[in-house]
Amino acid sequence: MQVYLRRIGYDLSDLDRLNVLHVAGTKGKGSTCAFSASILSQYQKSHGVPRRIGLFTSPHLIAVRERIRINGDPVSEDIFARYFFEVWDKLGDAEEKEGHKVVDQRLGLPMPPRPVYSRYLTLMSYHVFLQEGIDVAVYETGIGGEFDATNIVEHPIASGISTLGIDHVFALGGTVEKIAWHKAGIMKTGSAAFTIEQVPEAAKVLQDRSKEKGVSLKVLDIDPRLKGVIVRPDALFQKKNASLGIALAETALRKLDPNFTSGSSVLSKEFVDGIEQVIWRGRCEVKAEGPIFWHVDGAHTVDSLKMSTRWFAGECAKRTGPKALIFNQQGRDEAVHFLEGMVSTLKAQGQGSFENVVFCTNVTYAATGYKRDFVNYQYDPVAIKALTAQRAFAEKWSLLDPSAKVTVVPTIEDAINHVRDLGQTSLGEGETVQAFITGSLHLVGGALGILEGADTL
């Protein structure tokens, strides 16, 4: 990434102008970023500082522009296109002058003249934020941390590590210790570092790596100042994310505003509003549509799916009616083993089981296929067309719960229409269909796009 950055005209030191808050983790890193950015936005409204706030996250839900936000909004199509092709042309010019060979300086591996999709967007975000005069940027890592494309920032204001667990084992390793090692890579000497309560194995690795780097890693409890603050959902995991977001935002404001003082016993109005008014789509959302309540929450690990199912069960306790599940997790063979935790968690919460279960691909529409922003060439198109993963999910679910009516359909639109049809069947008085859409964020984004008829979120 350093070579690519130089080829588009920047030195690593230029990134220091962005005053980066850098966040890694297995679960909650996106929510933590959203909390920090929301707090900074509320402070900006009252004090005019920071002047411009950047937010870089992944993946996008509906439009790729959502990954690069300025003052809370995705960059416009015109701005996205302009900076996309500026980076494209700069890399092309550099290739002509310097040759096509690019070597990753950290890994010693040959790289293409232009980086792959996710790395290209990361590179482009640096260009956008530097050109647009961003004075604080919140960055979510993609996968891991140590070798992530976002981890070329040498002097972040602060780094934060959210809850760690098992995920992306193909790249990070199959133990929480190996994963923690990668995530800890974002901590930098001379910069503040925060984390929250972790399992002991992960906690030890984080502390060991912080000592190696000469970093004082602060482990945060749930911020007592959150008492009385409305955190959605009202769950322990989200209060941990909010606490981490508060610590990161406070650290940034101490540098950016000499007049800033953090409340020792109570949060200021800007911080309360930032927590209570945060918008982070596709996570713990409830949408009413006639006789159906859609519960939408992206979750892609065993632990996060259990957590998500607990949230859904809590929402179901408020209403009566049949439950329906729409699920997909494409391109991950281990995902078939995620299902058992959902079945057991729903039962453990006293909410019985799903009467209807629908497995679909991440293909958006029945007639036209993928929305353009969702095309993913990493997945086997033959397996998608054959519904290979979906049939495996269906077989597993039928073993776990033989009473469930399990359906496999080719698209997200088909899955939603299937559940909508359930809403037209005879429901008891006061009953509504409790629909739960979870798994891949690509599924969640496609579903929200269909439910809302939106081009971006």
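Let's talk about the overall build of the chain
No. 1: The number of helices and strands found in the chain is 15 helices and 16 strands.
No. 2: Taking 2.2 N^0.38 as the reference for a compact globule, 457 residues should give roughly 23 Å; the C-alpha atoms of the chain span a radius of gyration of 22 Å, in line with that estimate.
No. 3: If one aligns the C-alpha atoms of the chain with their principal axes, the spans along those axes are about 65 × 55 × 40 Å.
No. 4: Put simply, the chain has 457 residues, and 57% of those count as buried.
No. 5: A separation threshold of at least 6 residues defines the contact pool for the chain, and within that pool the share at least 24 residues apart is 76%.
No. 6: Surface accessibility of the chain: about 19500 Å² in total, with carbon and sulfur atoms responsible for 52%.
No. 7: The chain carries 51 positive and 54 negative side-chain charges, and their two centres are separated by 2 Å.

Considering the side chain of Glu-250
No. 1: One can find Glu-250 in helix H8 (residues 236-256).
No. 2: Glu-250 gets classed as buried once you look at its relative accessible area, which sits at 8%.
No. 3: In contact with Glu-250, not counting residues within four places along its chain, are Arg-225, Phe-260, Ser-262 and Phe-271.

Some details on the packing of aromatic side chains
No. 1: Enumeration according to the criterion identifies 20 aromatic pairs in this entry.
No. 2: Ring centres of Trp-88 and Tyr-120 lie 6.0 Å apart, and the angle between their planes is 55°; on these two criteria the pair is classed as tilted. Here Tyr-120 lies in helix H4 (residues 117-131) and Trp-88 lies in helix H3 (residues 77-98), a separation of 32 residues in the sequence.
No. 3: Judged by relative accessible area, Trp-88 falls into the partly exposed class, the value being 35%.
No. 4: The interplanar angle of 15° and the centroid separation of 5.5 Å between the aromatic rings of Phe-312 and Phe-354 together place this pair among those described as stacked. Note that Phe-312 is positioned in helix H10 (residues 302-316) and Phe-354 in the loop between helix H11 (339-348) and strand E14 (356-359), a separation of 42 residues in sequence. You'll find Phe-312 and Phe-354 in the same group, each marked buried.
No. 5: Three or more aromatic residues link up through ring pairs in this structure, and these residues are Trp-311, Phe-312, Phe-327, Phe-354, Phe-359, Phe-393, Trp-397 and Phe-436.

With respect to empty space enclosed by the protein
No. 1: Counted by the stated rule, this structure contains three cavities of 30 Å³ or more.
No. 2: For the largest cavity, the calculated volume is near 80 Å³.
No. 3: Looking at the largest cavity, the residues that line it are Met-1, Gln-2, Asp-104, Arg-106, Leu-107, Arg-119, Glu-146, Phe-147, Asp-148, Ala-149, Asn-151 and Ile-152.
No. 4: Broken down by class, the residue content of the lining of the largest cavity amounts to five nonpolar, two polar and five charged.

Some remarks on helix H2 (residues 29-47)
No. 1: Spanning 19 residues, H2 covers 27 Å between terminal C-alpha atoms, matching the ideal 27 Å at 1.5 Å per step.
No. 2: With 16 of 19 residues buried, H2 is to be regarded as a mostly interior element.

Overview of the sheet that holds strand E16 (residues 433-439)
No. 1: On the basis of which strands lie adjacent, the open sheet formed by six strands has the order E11-E12-E16-E13-E14-E15 and mixed pairing. Only two strands of the sheet have a single partner each, and these edge strands are strand E11 (285-289) and strand E15 (405-408). Neighbour to neighbour, the strand axes of the sheet diverge by 20° on average, direction disregarded.
No. 2: The pairing of strand E13 (residues 323-328) with E14 spans four bridges and is classified as parallel. Paired with Phe-327 across the strands is Phe-359, a residue of E14.
No. 3: Docked against the sheet, H11 engages E13, E14 and E16, running at close to 160° with respect to E13.

Thresholds, definitions, all that
Residues numbered from 1 in each chain as written. Predicted model: local features only at pLDDT ≥ 70, side-chain atom pairs only at ≥ 80, totals over all residues. Heavy atoms only, no water. Helix = DSSP H or I, 4+ residues; strand = E, 2+ residues; numbered from the N terminus. Rg over C-alpha atoms; globule rule 2.2 N^0.38 Å. Buried < 20%, exposed > 50% of the residue type's maximum accessible area, 1.4 Å probe, protein only. Contact = heavy atoms within 4.5 Å. Areas by Shrake-Rupley, 256 points an atom, 1.4 Å probe, with all protein chains shown as cover. Lys, Arg positive; Asp, Glu negative; His and termini not counted. Charge placed at Lys NZ, Arg CZ, Asp CG, Glu CD. Phe/Tyr/Trp six-rings, centres within 6.5 Å; stacked < 30°, edge-to-face > 60°. 1 Å grid on protein atoms, 1.4 Å probe; cavity = no way out; pocket = protein on both sides within 12 Å on 5 of 7 lines; lining within 4 Å. Points joined across faces, edges and corners; volume = space filled by probe spheres on them. Nonpolar A, V, L, I, M, F, W, Y, C, P; charged D, E, K, R; others polar. Expected span 1.5 Å × (residues − 1). Pairing = 2+ DSSP bridges. Axes fitted to C-alpha atoms, helices over the stretch in contact; angles between N-to-C directions.

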